[in-house]
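Structural features, examined
What follows is each chain in one-letter form.
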2 protein chains.
Amino acid sequence: MADKIFRVNMSDLSAKVEAVPEAWMGLGGRGLTSTIVAAEVKPTCHALGKHNKLVFAPGLLSGTAAANSGRLSCGAKSPLTGTIKEANAGGTSAQMLAKLGVKALIIEGLPADESKWYGLHVDENGVTIQEESEVIGMGNFAVVQTLNKRLGDKVGVITIGPAGEMKMTAANISVKDPDNHLRSNGRGGLGAVMGSKKIKFISVAPTDRKVAIAEPEAFKTAGRAFAKALVDNPINKALAQYGTNVLVNIINEAGGLPTKNFTSGQFAGHEAISGETMYDTIVARDGKPRHNCHQGCVIQCSQIYNDLKGQYKTSGFEYESIWALGADCCVDNLDHIAEADNIMDDLGIDSIEIGVAFGVAMEAGVLKFGDGAEVCRILKEEIGKGTPLGRIIGNGAGSVGLAFGVTRVPVVKNQAIPAYDPRAIKGIGITYATSTQGADHTMGYTIATNILGVGGKVDPLSKEGQVELSRNLQIATAAIDSTGMCLFIAFAALDDPACLPALIDMINARFGIKLTADDVTSLGMSILKTERAFNLAAGFTNEDDRLPEFFQDEAIAPHNVVWDISDEALDSFWNF
Amino acid sequence: MADKIFRVNMSDLSAKVEAVPEAWMGLGGRGLTSTIVAAEVKPTCHALGKHNKLVFAPGLLSGTAAANSGRLSCGAKSPLTGTIKEANAGGTSAQMLAKLGVKALIIEGLPADESKWYGLHVDENGVTIQEESEVIGMGNFAVVQTLNKRLGDKVGVITIGPAGEMKMTAANISVKDPDNHLRSNGRGGLGAVMGSKKIKFISVAPTDRKVAIAEPEAFKTAGRAFAKALVDNPINKALAQYGTNVLVNIINEAGGLPTKNFTSGQFAGHEAISGETMYDTIVARDGKPRHNCHQGCVIQCSQIYNDLKGQYKTSGFEYESIWALGADCCVDNLDHIAEADNIMDDLGIDSIEIGVAFGVAMEAGVLKFGDGAEVCRILKEEIGKGTPLGRIIGNGAGSVGLAFGVTRVPVVKNQAIPAYDPRAIKGIGITYATSTQGADHTMGYTIATNILGVGGKVDPLSKEGQVELSRNLQIATAAIDSTGMCLFIAFAALDDPACLPALIDMINARFGIKLTADDVTSLGMSILKTERAFNLAAGFTNEDDRLPEFFQDEAIAPHNVVWDISDEALDSFWNF
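The text that follows walks through the structure, step by step, so that each part is easy to find. What you are looking at is a predicted structure, and each value in this text was computed from that prediction instead of being measured.

Things to note about the overall build of chain A
Helices and strands together make up the secondary structure of chain A, namely 23 helices and 17 strands. For chain A, the spread of C-alpha atoms along the principal axes amounts to about 60 × 55 × 50 Å. Residues classed as buried in chain A amount to 65% of the 576 residues present. Residue pairs at least 24 apart in sequence account for 70% of intrachain contacts in chain A once pairs closer than 6 positions are excluded. Of the accessible surface of chain A, which amounts to about 18500 Å², a share of 51% is contributed by carbon and sulfur atoms.

Some words on empty space enclosed by the protein
Residues and elements named next belong to chain B. Taken as a whole, this structure holds seven cavities of 30 Å³ or more when the rule is applied. Around the largest cavity, the lining residues are Asp-3, Leu-27, Gly-28, Pro-58, Gly-59, Leu-60, Ser-62, Ala-98, Val-102, Lys-103, Arg-510 and Phe-511. Of all the secondary-structure elements, those providing two or more residues to the lining of the largest cavity are β6 (102-108) and α20 (499-511). Of the residues belonging to the lining of the largest cavity, the class tally is six nonpolar, three polar and three charged.

Thoughts on the sheet that holds strand β14 (residues 302-306) of chain B
Residues and elements named next belong to chain B. Across the sheet, which stays open at both edges, the three strands sit in the order β13-β14-β15 with antiparallel pairing between neighbours. The open sheet has two free edges, formed respectively by β13 (288-291) and β15 (312-315), since each of these has just one partner strand. Ignoring strand direction, the axes of neighbouring strands in this sheet form an average angle of 25°. Pairing geometry for β14 and β15, over three bridges, is antiparallel. Following the sheet pairing, Asn-306 is matched in β15 by Tyr-312. Where helix α9 (residues 275-284) meets the sheet, its contacts fall on β13 and β14, and the angle it forms with β14 comes to roughly 60°. Along the sheet, helix α11 (residues 334-347) makes contact with β14 and β15, crossing β15 at roughly 75°.

Observations concerning the pattern of salt bridges
Oppositely charged side chains can pair when the atoms bearing their charge come close. Residue and element names in this part refer to chain B. Scanning all chains against the criterion turns up 66 salt bridges over all chains. Measuring nitrogen to oxygen at the nearest pair gives 2.8 Å for the salt bridge that ties Glu-108 to Arg-7. Of this pair, Glu-108 sits in strand β6 while Arg-7 is found in strand β1 (residues 4-9), placing the two residues 101 residues apart along the sequence. By relative accessible area, Arg-7 is classed as buried at 9%. As a salt-bridge pair, Arg-377 and Glu-382 come within 3.2 Å of each other at their nearest N and O atoms. Overall, Arg-377 belongs to the partly exposed group, its relative accessible area being 33%. Residue Glu-382 is classed as buried on the basis of its relative accessible area, which comes to 14%.

Topic: the sheet that holds strand β3 (residues 53-58) of chain B
All names here are of chain B. Strands sit in the order β2-β1-β6-β3-β4-β5 across an open sheet of six strands; the sheet is mixed. Among the strands making up the open sheet, the edge pair consists of β2 (14-19) and β5 (84-89). Taking the axes of each pair of neighbouring strands and ignoring which way they run, one obtains an average angle of 20° across the sheet. Across the sheet, helix α1 (residues 29-40) is in contact with β1, β3, β4 (72-77), β5 and β6; its angle to β3 comes to roughly 155°.

Section: the side chain of Asn-88 of chain A
Residues and elements named next belong to chain A. Tracing the sequence through the fold places Asn-88 in strand β5 (residues 84-89). Among the polar contacts made by the side chain of Asn-88, one reaches the side chain of Arg-71 at a distance of 2.9 Å. A polar contact is formed between the side chain of Asn-88 and the side chain of Asp-481, at a distance of 3.4 Å. Apart from residues no more than four positions distant in its own chain, Asn-88 is found in contact with Arg-71, Leu-72, Ser-73, Ser-184, Asn-185 and Asp-481.

Some thoughts on the packing of helix α18 (residues 466-483) of chain B against helix α21 (residues 517-537) of chain B
All names here are of chain B. Contact pair α18 / α21: the axes reach a minimum separation of 7 Å and the direction vectors enclose 95°. Relative to α21, the element α18 is oriented roughly perpendicular. In this structure, α18 contributes Gln-474, Ile-475, Ala-478, Ala-479 and Ser-482 to the contact, and α21 contributes Val-520, Thr-521, Leu-523, Gly-524, Met-525, Ile-527 and Leu-528. For the contact of α18 with α21, a count of residues per class yields eight nonpolar, four polar and no charged.

Structural notes on α20 of chain B
Residues and elements named next belong to chain B. The first and last C-alpha atoms of α20 sit 19 Å apart over 13 residues, in line with the 18 Å expected at 1.5 Å per residue. Those residues of α20 lying buried are Cys-499, Ala-502, Leu-503, Ile-504, Met-506, Ile-507, Asn-508, Ala-509 and Arg-510. Considering only its buried residues, α20 is in contact with α6 (216-232), α18, α19 (489-495) and α21. Gly-512 sits one or two residues past α20 and shows a positive phi near 70°.

Regarding the interface of chain B and chain A
At the junction of the two partners, chain B supplies 30 residues and chain A supplies 30 residues. If you list the elements that add at least two residues to the side of chain B that touches chain A, you get α14 (388-394), α15 (397-404) and α22 (550-553) of chain B. Residues that form the side of chain B that touches chain A fall into these classes: eleven nonpolar, twelve polar and seven charged.

Here we look at the environment of Ala-493 of chain A
Residues and elements named next belong to chain A. Looking at the element boundaries, Ala-493 is found in helix α19 (residues 489-495). Taking the C-alpha atoms as reference points, Ala-493 and Thr-477, 16 residues apart in sequence, are found 11 Å from one another. Setting aside its immediate chain neighbours within four residues, Ala-493 contacts Cys-499 and Leu-500.

A look at the relation of the copies chain B and chain A
Structural alignment of chain B on chain A gives an RMSD of 0.0 Å, achieved by rotating through 180° and translating 0.0 Å along the axis. The transformation just described matches what one would write down for a two-fold rotation axis. Considering only C-alpha atoms, the residue of chain B closest to the rotation axis is Pro-388 of chain B, which sits at 2.7 Å.

A closer look at the nonpolar core
Within the largest apolar cluster, 192 residues are counted, with the highest numbers of intra-cluster contacts made by Phe-358, Ile-393 and Tyr-420 of chain A together with Phe-358, Ile-393 and Tyr-420 of chain B. Ile-393 of chain A has contacts with Ile-354, Ala-357, Phe-358, Ala-361, Ile-378, Ile-383 and Val-400 of chain A, leaving out every residue within four places of it along the chain.

Remarks on helix α15 (residues 397-404) of chain A
The buried count for α15 of chain A comes to seven of eight residues, which makes it a mostly enclosed element. When we look at burial in α15 of chain A, the residues that qualify are Ala-397, Gly-398, Ser-399, Val-400, Gly-401, Ala-403 and Phe-404 of chain A. Close packing links the buried residues of α15 of chain A with α12 (351-363), α14 (388-394), β16 (411-412) and β17 (415-416) of chain A together with α14 and α15 of chain B. The positive-phi residue at the C-terminal boundary of α15 of chain A is Gly-405 of chain A, with phi of around 65°.

With respect to the packing of helix α3 (residues 140-151) of chain A against helix α11 (residues 334-347) of chain A
Between two packed helices, what matters for the description is the angle formed by their axes and the separation of those axes. Residue and element names in this part refer to chain A. Direction vectors running N to C along α3 and α11 enclose 55°, while the axes themselves pass 6 Å from each other. Judged on the interaxial angle alone, α11 and α3 are oblique. Seen from α3, the contacting residues are Asn-140, Phe-141 and Ala-142; seen from α11, they are Asn-342, Asp-345, Asp-346 and Leu-347. Its residues placed into classes, the contact of α3 with α11 shows three nonpolar, two polar and two charged.

Considerations on the state of the cysteines
All chains considered together, the criterion is met by zero disulfides over all chains. Note on Cys-297 of chain A: no disulfide assigned, nearest cysteine sulfur contributed by Cys-293 of chain A at a separation of 6.0 Å. In this structure Cys-297 of chain A comes out as buried when scored by relative accessible area, which is 13%. Distance from the sulfur of Cys-45 of chain B, which forms no disulfide, to the nearest cysteine sulfur (Cys-74 of chain B) is 14 Å. Classification of Cys-45 of chain B as buried rests on a relative accessible area of 3%.

Quick look at unusual backbone geometry
In this chain, Ala-557 of chain A is followed by Pro-558 of chain A through a cis amide linkage whose omega measures 0°. Among the structural elements, Pro-558 of chain A can be located in the loop between α22 (550-553) and α23 (567-571). For Lys-260 of chain B, which is not glycine, the phi torsion reads 50° and is therefore positive. Note on placement: Lys-260 of chain B falls in the loop between α8 (247-253) and α9. Lys-260 of chain B sits in the partly exposed class, given a relative accessible area of 39%. Despite not being glycine, Lys-413 of chain B shows a phi value in the positive range, around 50°. Topologically, Lys-413 of chain B is positioned in the loop between β16 (411-412) and β17 (415-416).

A closer look at the pairing of β5 of chain A
Residues and elements named next belong to chain A. Across the six residues that make up β5, a large majority, six, are buried. Residue alternation in β5 divides its side chains into two sets, Ile-84, Glu-86 and Asn-88 and Lys-85, Ala-87 and Ala-89, and both sets are buried. Pairing of strand β4 (residues 72-77) with β5 involves six bridges; the strand directions are antiparallel. What sits directly across from Cys-74, in β5, is Ala-87. Taken together, β4 and the strand that follows it, β5, pair antiparallel across an intervening segment of six residues, in which Gly-82 is found at a positive phi of about 80°.

Conventions and cut-offs
- Residues numbered from 1 in each chain as written.
- Chains lettered and ligands numbered in written order.
- Predicted model: local features only at pLDDT ≥ 70, side-chain atom pairs only at ≥ 80, totals over all residues.
- Heavy atoms only, no water.
- Helix = DSSP H or I, 4+ residues; strand = E, 2+ residues; numbered from the N terminus.
- Buried < 20%, exposed > 50% of the residue type's maximum accessible area, 1.4 Å probe, protein only.
- Contact = heavy atoms within 4.5 Å.
- Areas by Shrake-Rupley, 256 points an atom, 1.4 Å probe, with all protein chains shown as cover.
- 1 Å grid on protein atoms, 1.4 Å probe; cavity = no way out; pocket = protein on both sides within 12 Å on 5 of 7 lines; lining within 4 Å.
- Points joined across faces, edges and corners; volume = space filled by probe spheres on them.
- Nonpolar A, V, L, I, M, F, W, Y, C, P; charged D, E, K, R; others polar.
- Pairing = 2+ DSSP bridges.
- Axes fitted to C-alpha atoms, helices over the stretch in contact; angles between N-to-C directions.
- Salt bridge = Lys/Arg side-chain N within 4 Å of Asp/Glu carboxyl O.
- Polar contact = N/O pair within 3.5 Å; in protein donor to acceptor, adjacent residues only side chain to side chain.
- Parallel < 35°, antiparallel > 145°, perpendicular 65-115°, else oblique.
- Expected span 1.5 Å × (residues − 1).
- Least-squares fit on C-alpha atoms with pLDDT ≥ 70 in both.
- Core = buried A, V, L, I, M, F, W, Y, C linked by side-chain atoms within 4.5 Å.
- Disulfide = S-S within 2.5 Å.

See the structure below:
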């Protein structure tokens with residue numbers, strides 16, 4: 001049976017199943033969610049109002065046996081940035097939705113009665129909408145437990161926590177993972193959009209259906225070559241041992257680890273929060289140093305971090321989260337950061353945005369740099385309860401800067417700049433400035449080439465070649481984000497000549513088509529241009545493709561460098 | 001002696017006096033402040049950072065005997081809107097600065113040491129900068145009293161209250177009036193810019209100097225004709241009796257009195273807060289129904305409103321402030337509103353922005369509609385003390401909407417929409433949308449022609465003729481704002497053929513020049529285009545010249561009308 005568009009209208013609480021329009025047939029993941037948002041959402045609408053739509057889509061390869069293909073894409077107009085927004089996450093739902101034949105799930109409208117909350121349930125026949133009270137106000141972990149009890153352990157869960165219910169613009173959307181923990185469509189406040197539509201969760205029915213494969217043998221052959229490329233890659237091996245947090249020492253050494261609200265490029269406490277320390281701690285406490293966020297992942301960069309008593313504290317403990325509360329807030333204590341990470345998972349709020357927001361709040365004097373215990377208290381007692389201070393921080397770094405009159409506010413398009421200082425690693429600054437989504441390292445991860453030596457080498461401190469680097473990676477990323485693949489396939493794709501052809505062969509075998517590498521590049525370009533057109537129609541201009549002025553005004557240690565990429569160079573990004 | 005530019009650099013705490021560049025010679029007031037900001041401030045800079053500048057200028061006729069010429073213009077990039085900003089106010093300083101030969105006072109830079117505060121003192125030799133501690137943290141009334149004691153009763157005072165010290169983006173700049181009360185450069189957060197520069201006050205030395213008049217006899221003759229036109233005007237007579245608050249009943253009757261956060265066009269409690277009720281109350285309590293905000297005003301729309309015990313409570317008790325806390329917040333008690341008005345004067349915060357912010361906060365459930373006592377408590381205990389809730393509200397209506405996820409947020413370019421609903425009075429909606437300054441009724445007061453029948457009649461509910469009306473008034477206003485004249489000369493200027501020629505004759509006699517009416521129109525156009533160019537360079541587009549979507553989506557009683565002016569019509573505003 002052909003995949004379908006599942007469409008829900010929350011204004012009249014109706015749902016229907018539609019044929020996939022011809023133009024959307026070849027799209028999946030981000031390519032599809034961005035195309036639908038661009039086609040159906042008025043770019044100038046209020047992101048929390050009735051004219052915005054929330055779109056979920058599995059990737060082109062989700063639901064198949066392809067390694068690392070289980071990312072769920074979510075798109076909408078962002079209440080944080082005002083741009084188009086796509087965020088994707090692991091967990092079990094992408095593969096389940098794909099098996100159910102859901103090409104995309106589009107949620108539109110707002111209920112007239114603001115006092116009521118709803119849960120959606122997706123099975124192969126469509127979506128049912130039911131008023132919900134039991135889990136309203138619950139944290140994400142309790143939502144998952146409650147729905148497991150109600151619908152069975154195998155149910156897929158897409159949920160928002162209290163942050164999303166309160167429409168905080170840093171609220172994320174969480175997805176249940178194979179161990180009943182959480183993965184997050186983290187950035188851009190998509191959880192607030194789901195909250196505005198009064199949807200607390202979407203449950204996804206388990207199914208025995210399988211995704212149809214046009215050429216099964218060819219698919220298997222390509223799949224094996226692809227998985228081998230991933231497993232053999234040396235970066236992926238480091239990720240498997242230390243997680244993404246392997247980067248703390250690497251980026252600190254490079255002088256690009258933003259510290260104390262972006263006033264230095266190195267953190268004296270880096271060893272205490274490093275991947276190596278984390279690994280030792282996990283092993284000593286009987287945690288799991290390797291763990292997969294979705295079935296079929298062969299990299300397994302996730303981990304389970306236990307507390308001193310050997311009890312689960314957090315998982316998916318990422319470099320960017322650890323950096324944000326660690327170096328940027330000067331908290332040199334992994335247990336405090338793990339506690340905070342767990343609370344943020346439960347509240348359903350973006351750990352990058354919130355970590356950076358705390359850094360700005362510390363600069364404003366709301367709490368002291370380094371006070372990890374107070375961070376945890378504020379998360380629980382202020383953000384969790386929606387106090388005025390909680391709302392200020394829960395709306396992100398820009399909100400904190402506004403509230404307290406701080407001028408050193410590291411955001412682009414109002415989204416917090418993550419864990420790589422653009423003064424010391426200039427390629428990533430191009431990505432922050434020009435991304436269609438606000439500052440986001442994943443949109444064009446130049447760290448690969450600037451620092452890790454993947455895909456060649458571009459000196460991080462030089463202005464040369466950075467625009468081209470960011471452009472090529474942003475194009476490739478947009479395409480990868482459409483496949484349902486985890487972005488970490490990029491390391492192998494950039495350096496192993498067997499990887500990308502195998503990926504394309506899998507797509508061709510899945511659909512019985514004949515894509516070439518050029519087609520994939522064209523797809524990436526087309527997605528970026530679609531997203532850019534949405535933003536221009538929303539009123540964005542080249543002047544929004546800029547870093548905050550303090551990056552130009554304040555040199556950062558140890559390299560004593562400022563941001564010195566010209567506006568003209570930034571604007572040349574779009575010359576393709 | 002020729003007028004000079006007085007320039008202060010807060011980065012190195014230096015001051016100098018410069019000759020006026022040729023290009024600025026013919027400019028004053030808004031024409032001059034906007035020209036200087038456009039020439040010297042990078043449009044994309046952070047408004048609270050070191051690259052912004054704060055510019056004060058008396059008008060072309062300030063300091064002369066011309067009636068109603070005592071407005072002080074202040075300009076900068078606005079931290080509230082991100083646009084160029086001009087706000088002007090009465091009080092004694094404009095005339096004093098003009099007599100001292102100050103063409104403009106330009107304040108640039110920020111002190112390196114953020115812990116210190118300063119006071120500036122202006123006399124005919126220039127500006128002295130002194131570290132200040134005594135009045136830091138004080139409300140505006142105490143600042144005035146302290147400086148009167150320190151420098152004598154005749155000193156001019158330009159000051160910020162706690163809101164400006166805390167860099168709240170609704171903070172205004174207050175100017176001492178002839179009775180030691182306060183007038184405000186109200187809109188756009190200019191007080192936060194002054195606070196960012198760590199300047200608590202500017203004192204202005206009294207002087208015996210007089211403004212030079214090139215043709216004294218011609219000036220006197222024109223001045224008499226001009227004053228007569230003002231005094232004879234029937235609208236001005238109504239303003240003299242009831243103050244601007246005469247409008248409550250008029251606008252309520254027109255169905256354009258935004259009520260309960262812009263959900264209705266009429267307020268059941270309008271009588272209790274009307275100009276007529278206010279007049280009776282003032283008379284009964286031995287207040288002053290007529291009062292001038294600056295020397296030489298012949299309209300005297302101000303008043304002194306006493307409390308039940310006959311003690312001073314507030315003055316300059318304006319329609320827009322009374323509407324904001326009254327109809328928009330459903331507070332039908334003038335004493336609560338007067339108390340709030342007095343606190344806002346003391347805190348130094350824009351009563352329109354804050355009133356509208358309270359309306360949004362009431363919709364969010366922070367406090368109840370109609371709870372005037374709680375409004376006063378929040379003003380004193382939260383905004384005054386800079387608590388998180390105080391900062392949310394003190395940063396204006398947009399900030400409250402963001403914090404609490406409200407979508408009915410009446411702002412344009414993040415500045416609160418004032419007291420006239422654009423659905424029922426469409427001309428003013430054109431002004432809100434297209435003004436270079438964010439929503440601001442004073443920028444092109446179509447109420448004159450839409451409602452009061454001044455300058456002809458344009459049906460407020462029709463789409464016809466509104467763009468032309470707003471355009472003509474915005475051009476005329478930009479010119480009037482350059483003269484130092486109060487905007488209320490416009491009623492006479494529109495309807496009395498003697499008024500405008502007399503005004504031009506006064507300018508010509510003052511400078512010995514030969515301006516024509518066409519020159520004045522050209523000046524107005526040129527100012528608007530200069531301001532618009534700044535905004536475009538800051539990244540604004542036509543998409544920012546729009547009203548919030550709820551005005552299109554929600555019809556308003558009693559006329560059951562929505563905002564239906566097309567985007568194309570709005571964009572045609574700039575066709576001149």
